[in-house]
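Architecture and fold: a report
Read off the chains here:
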Number of protein chains: 2
Amino acid sequence: MDIVYMDNNATTKVDPVVLDAMMPYFTEFYGNASSMHSFGGAVGREIAAARDKVAALINAEPGEIIFTSCGTESDSTAIYAAIRSNPNKKHIITSRVEHPAVKNLYEYLAKTGYRVTWVPVDKDGVLDMDFFRRHLSDDTALVSIMWANNESGVIFPIAEIADALKDKGIVFHSDAVQAVGKVPVDVKAVGLDMLSLSGHKLHGPKGVGALYVRKGAKFSPFMIGGHQERGRRGGTENVASIVGLGRASELVKGHLEEMNTRVRALRDRLEEGLLKNTPNALLNGAKDLRLPNTTNISFEYVEGEAILLMMDQFGICASSGSACTSGSLEPSHVLRAMGVPFTAAHGSIRFSLSTYNTEKEVDFVVEKLPPIIERLRHMSPFWKGAGCQLQ
Amino acid sequence: MDIVYMDNNATTKVDPVVLDAMMPYFTEFYGNASSMHSFGGAVGREIAAARDKVAALINAEPGEIIFTSCGTESDSTAIYAAIRSNPNKKHIITSRVEHPAVKNLYEYLAKTGYRVTWVPVDKDGVLDMDFFRRHLSDDTALVSIMWANNESGVIFPIAEIADALKDKGIVFHSDAVQAVGKVPVDVKAVGLDMLSLSGHKLHGPKGVGALYVRKGAKFSPFMIGGHQERGRRGGTENVASIVGLGRASELVKGHLEEMNTRVRALRDRLEEGLLKNTPNALLNGAKDLRLPNTTNISFEYVEGEAILLMMDQFGICASSGSACTSGSLEPSHVLRAMGVPFTAAHGSIRFSLSTYNTEKEVDFVVEKLPPIIERLRHMSPFWKGAGCQLQ
């Protein structure tokens, strides 16, 4: 069965060109970049070339890029660097809709003596900038707010946040794992201190990420060990994956226009088709300020997990907005923060497209999904026809 | 030019069989193991199979294995888990010859209020067990001592250390990155709490490691984020590399006997040949209690870096015992801890073999290296013939 893969915010296919670039570094040029012999030194040069490419994607200097093992590590590195550099400040700010890599670390820090401000979003998933501004204080060490949300696709006003923080001595980090490769990300234009990105979200391999650290920003390492990454991240360089991230960065830079034209049009076609053909279906997230590849739709009175399982029979891959995979029956914290009603949040599905998707695939989903929803509703004790309410 | 690769303690060639096992997970089965759809779920099963294989290599239960991004992350995870689980104890113990992943983290912790005991070694690199026992106290939270040293190859008395810690409520972690795959490592027989291993030291890929955490041992995550690894390590699973580590674990388990017979004999042939054919050459490290693949030899009155560069012209890859790659001119902290004199420590070379090495390669090195040393000594201001002393 052919797979219709629309779960690219979860992970992406490694581009075959990226894999080709990686291949020599497993069994042929397998040296350690830190070695004195030329066999190892040669791979050091490839790492430098990859650093240039990642830097170019976000308009950074190569020396501002630290390779990590994933987006989560980049986030942890940034957050710990910020608070260790400002040990006397005990207030940290984030949004209520962050990825678990930031959210769960903030919750941990809250238990160790940090005061956390969680900036809310409105029903469209848009950040409450007034609330944010009101809660800045002299005690604020760090603001960590994502560039774009992984579930709703809503893009946050990163430049505006950076402006609000200017000259206040507050570190500004953004988890841009979902934004990089989908919308233009220019660290110099925005003026933030740190930014996280991840390889496997942009057709690079899993197990590699990067952290941008503005030149001059205070830093202390999270992964303490050897002298790799100029003492900023211990651990033997993951040569093949770093080379892969470099090649993927080049590729997605070249595909940015296609992502924002053809893929955006595909996403719109999918969204409109599903909303039109399914009663009681609601879009989650602002219509305009969104990643071009993402749509999150609630199908009222059905369970997201059941929808996924039935789509799976047609080879359609997407995600449920609910946090099912953690074993919890709670709906997604993102949708709850947006005030999506219980009956709608439980039946939300996120489709996230890539440049690999086609119009034929979109039309296939628009054809197959509405009957699935209808069938599930007929089995649901909560469904008594369009417009009914939960008891 | 053919490469004679004798730097396997730095990193190893990915076994082609391992790479074959990894290949499907880049462009074909690229799903996220946490996804609800069967495309993602299928890779979850491959991760489980890899976990079984890694566990089998060290006689652990699969549930006791946490996948990480490298040995350094495994070490950090273990050390932070130990001290966070025992927040009231402020004394931690390690050896004076640890890898930077442990050494530098202990130095960092010393600055944050921990009292550190550094257990010395003797001139053969053998741990001072009396010193170790004397310094245990009620305030001791953690002992982290490596299974085998990366530079000298000397194996530490892990079972004896575990016995000394029994029922004392002290966490025992061992960095076994250099031991696993070279000597039998049985976590149940020894009875330790945590153990680090790394993929790229045993013909698996770079960028993946594992941490053994004994069932029942207190734990808290270092990489805080999503629910992956049962909440013990956030970050999207690095599927291809985890599968690779699993396959590599199977392979090295099968090669353990060859490592301890044929490779050991090759190492002995190399060591004896070099010591016999070169005046003023000294073995660093106990002759017997050593990894079967490692020999560390000091060539007095010459610089290790110069030896490496001249060997490089013949395609011979090895390492200098000095910490040159960190930009420091200081000799290795391991050799200093062993009391190796300055004139010898600077000219030390570590050869670390693998099952890929041949007798022909060994004989090539034994033929080429002694004339290199002779040539360098004739250029050295410190060399006035055998037995001369530094001014």
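Fair warning: this is a prediction, and the values are worked out from it, not measured in the lab.

Criteria and cut-off values
- Positions within a chain are numbered from 1, following the residues in the order the chain's sequence is written.
- The naming scheme follows written order: chains are lettered A onward, ligands numbered 1 onward.
- Owing to the predicted nature of the model, reporting of local features is limited to residues with pLDDT of at least 70; listing and counting of side-chain atom pairs is limited to 80 or more, with chain, interface and lining totals taken over all residues.
- The basis for the side-chain values is all heavy atoms of the structure; hydrogens and waters are excluded.
- Put simply, a disulfide is two cysteine sulfurs that come within 2.5 Å.
- Only protein chains enter the accessibility calculation, which uses a 1.4 Å probe. A residue is then buried if its area is under 20% of the maximum for its type, exposed if over 50%, and partly exposed in between.
- The domain limits used here are those given by an automatic or database domain assignment.
- The contact criterion used is simple: two residues touch if any of their non-hydrogen atoms lie within 4.5 Å.
- Summed over both partners, the accessible area lost on bringing two parts together, with a 1.4 Å probe, is the buried area.
- To qualify as a helix, a DSSP run of H or I must reach at least 4 residues; to qualify as a strand, a run of E must reach at least 2; elements of each kind are numbered from the N terminus.
- Residues are sorted three ways: Asp, Glu, Lys and Arg are charged, Ala, Val, Leu, Ile, Met, Phe, Trp, Tyr, Cys and Pro are nonpolar, and all the rest, Gly among them, are polar.
- Each pair of strands is called paired provided DSSP finds at least two bridges between the two strands.
- A residue counts toward the fit only if its pLDDT is at least 70 in both copies, and the copies are then superposed by least squares on the C-alpha atoms of those residues.
- Here, axes are lines fitted to C-alpha atoms. For helices the fit covers the stretch in contact, and angles between N-to-C directions go from 0 to 180 degrees.
- Polar contacts, as counted here, are pairs of nitrogen or oxygen atoms within 3.5 Å of one another; within protein the pair requires one atom able to donate a hydrogen and one able to accept it, and residues that are adjacent in sequence qualify only if both atoms are side-chain atoms.
- Angles below 35 degrees are treated as roughly parallel, those above 145 as roughly antiparallel, those between 65 and 115 as roughly perpendicular, and all remaining angles as oblique.
- Less than a right angle of anticlockwise turn of the near helix away from the far helix marks a crossing as left-handed, whereas a clockwise turn marks it as right-handed.
- Here a salt bridge means any side-chain nitrogen of Lys or Arg lying within 4 Å of a carboxyl oxygen belonging to Asp or Glu.
- For Phe, Tyr and Trp, where Trp contributes only its six-membered ring, two rings pair if their centres lie within 6.5 Å, and the inter-plane angle classes them as stacked under 30 degrees, edge-to-face over 60, or tilted in between.
- Distance and angle both matter: a charge sits over a ring if NZ of Lys or CZ of Arg is within 6 Å of the ring centre and within 35 degrees of the ring normal.

Section: the state of the cysteines
Inspection of the entire model under this criterion finds 0 disulfides over all chains. The thiol of A:Cys70 is not disulfide-bonded; the next cysteine sulfur, from B:Cys70, is found 11 Å away. Judged by relative accessible area, A:Cys70 falls into the buried class, the value being 6%.

Things to note about the domain arrangement of chain A
All names here are of chain A. Here chain A is partitioned into domain 1 (4-12 + 256-385) and domain 2 (16-254). Computed from C-alpha coordinates alone, the two centres of domain 1 and domain 2 are separated by 28 Å. On the domain 2 side, the residues contacting the 29 residues of domain 1 number 34 residues. Buried surface at the junction of domain 1 and domain 2, both sides included, amounts to about 2,600 Å², of which 55% is carbon and sulfur. Of all the secondary-structure elements, those providing two or more residues to the side of domain 1 that touches domain 2 are α10 (239-277), β10 (294-299) and α12 (333-337). A per-element tally of the side of domain 1 that touches domain 2 places α12 first, with 4 residues. Residue composition of the side of domain 1 that touches domain 2, grouped by class: 12 nonpolar, 15 polar and 2 charged.

Comments concerning the pairing of strand β5 (residues 140-144) of chain B
All names here are of chain B. Of all 5 residues in β5, 5 are buried, a share of seventy percent or more. Strand direction decides the pairing type here: strand β3 (residues 91-95) and β5, joined by 4 bridges, are parallel. Its bridge partner being in β5, threonine 94 is matched across the sheet by serine 144. Where β5 meets strand β6 (residues 171-175), 3 bridges bridge the pair, whose relative direction is parallel.

Let's talk about the relation of the copies chain B and chain A
Of the transformation superimposing chain B on chain A, the axial component is 0.0 Å and the angular component is 180 degrees, with the fit at an RMSD of 0.0 Å. A rotation of that kind, with that shift, is consistent with a two-fold axis. Judged by C-alpha distance, B:Ser69 is the residue of chain B that lies nearest the rotation axis, at 3.0 Å. When the interface residues of chain B are mapped onto chain A, 98% of them again fall at the interface, so both copies present the same face.

What about the sheet that holds β5(B)?
All names here are of chain B. Pairing is mixed across the open sheet formed by 7 strands, whose spatial order is β2-β8-β7-β6-β5-β3-β4. Looking along the sheet, the strands with just one partner apiece sit at the ends: β2 (65-68) and β4 (115-119). Averaged over all pairs of adjacent strands, the angle between their axes in this sheet comes to 20 degrees, without regard to strand direction.

Quick look at the environment of B:Thr261
All names here are of chain B. Within the element layout of this structure, threonine 261 appears in helix α10 (residues 239-277). A residue is classified by how much of its surface remains accessible, and threonine 261, at 44% relative accessible area, is partly exposed. A C-alpha to C-alpha distance of 8.2 Å links threonine 261 and proline 292, two positions 31 residues apart in sequence. Looking at threonine 261, its side chain comes within polar contact range of the main-chain oxygen of glutamate 257, at 2.8 Å.

A look at the packing of helix α3 (residues 38-58) of chain B against α10(B)
Residue and element names in this part refer to chain B. Closest axis-to-axis distance for the α3/α10 pair is 8 Å, and the angle between their directions is 30 degrees. One way to sum up the angle between α3 and α10 is to call them roughly parallel. Where α3 crosses over α10, the two elements pack in a sense that is left-handed. Residue-level contacts link Val43, Glu46, Ile47, Ala50, Lys53, Val54, Ala56 and Leu57 of α3 to Val239, Ile242, Val243, Leu245, Gly246, Arg247, Ser249, Glu250, Val252 and Lys253 of α10. Considering only residue class, the contact of α3 with α10 consists of 11 nonpolar, 2 polar and 5 charged.

Considerations on the pattern of salt bridges
Residues and elements named next belong to chain B. Applying the stated criterion to the full structure yields 36 salt bridges over all chains. For the salt bridge of lysine 103 with glutamate 107, the shortest nitrogen-to-oxygen distance reads 3.6 Å. Taken together, the residues lysine 103 and glutamate 107, both in helix α5 (residues 100-111) and 4 residues apart, mark about one turn of the helix. Overall, the relative accessible area of 33% leaves glutamate 107 in the partly exposed class. When the shortest N-O distance is used, the salt bridge between arginine 269 and aspartate 363 registers 2.8 Å. On the criterion of sequence distance, the pair formed by arginine 269 in helix α10 and aspartate 363 in helix α14 (residues 359-379) is long-range, its members being 94 residues apart. Owing to a relative accessible area of 36%, arginine 269 belongs among the partly exposed residues under this scheme.

A few points about the packing of aromatic side chains
According to the stated counting rule, one finds 16 aromatic pairs over all chains in the structure shown. Taking 6.2 Å as the distance between ring centres and 45 degrees as the angle between the ring planes, the aromatic pair formed by B:Tyr25 and B:Phe29 counts as tilted. Judged by relative accessible area, B:Tyr25 falls into the buried class, the value being 11%. Judged by its relative accessible area of 35%, B:Phe29 is partly exposed. Following the ring pairs from residue to residue traces out a cluster consisting of A:Tyr80, A:Phe222, B:Tyr80 and B:Phe222. The cationic tip of A:Lys13 hangs over the ring face of A:Tyr356; the distance from NZ or CZ to the ring centre is 5.0 Å.

Regarding the sheet that holds strand β3 (residues 91-95) of chain A
All names here are of chain A. Sheet architecture is open: 7 strands sit in the order β2-β8-β7-β6-β5-β3-β4, paired in mixed fashion. The open sheet has two edge strands, β2 (65-68) and β4 (115-119), and neither has a second partner. Averaged over all pairs of adjacent strands, the angle between their axes in this sheet comes to 20 degrees, without regard to strand direction. Looking at chain direction, β2 and strand β8 (residues 209-213) are connected through 4 bridges and run antiparallel. Each residue of the ladder has a partner; that of isoleucine 66, found in β8, is leucine 211. On the sheet, helix α7 (residues 158-165) packs against β5 (140-144) and β6 (171-175) and is oriented at approximately 165 degrees with respect to β6.

Observations concerning the interface of chain B and chain A
The interface of chain B with chain A comprises 62 residues on the first partner and 61 residues on the second. For the chain B face of the interface with chain A, the top three residues by lost area are B:Tyr30, B:Met36 and B:Ile224, together amounting to 14%. Where chain B meets chain A, there are 0 salt bridges. Counting across the interface, chain B meets chain A through 22 residue pairs in polar contact (both at pLDDT 80 or more). Along the lines of polarity and charge, the residues of the side of chain B that touches chain A split into 28 nonpolar, 24 polar and 10 charged.

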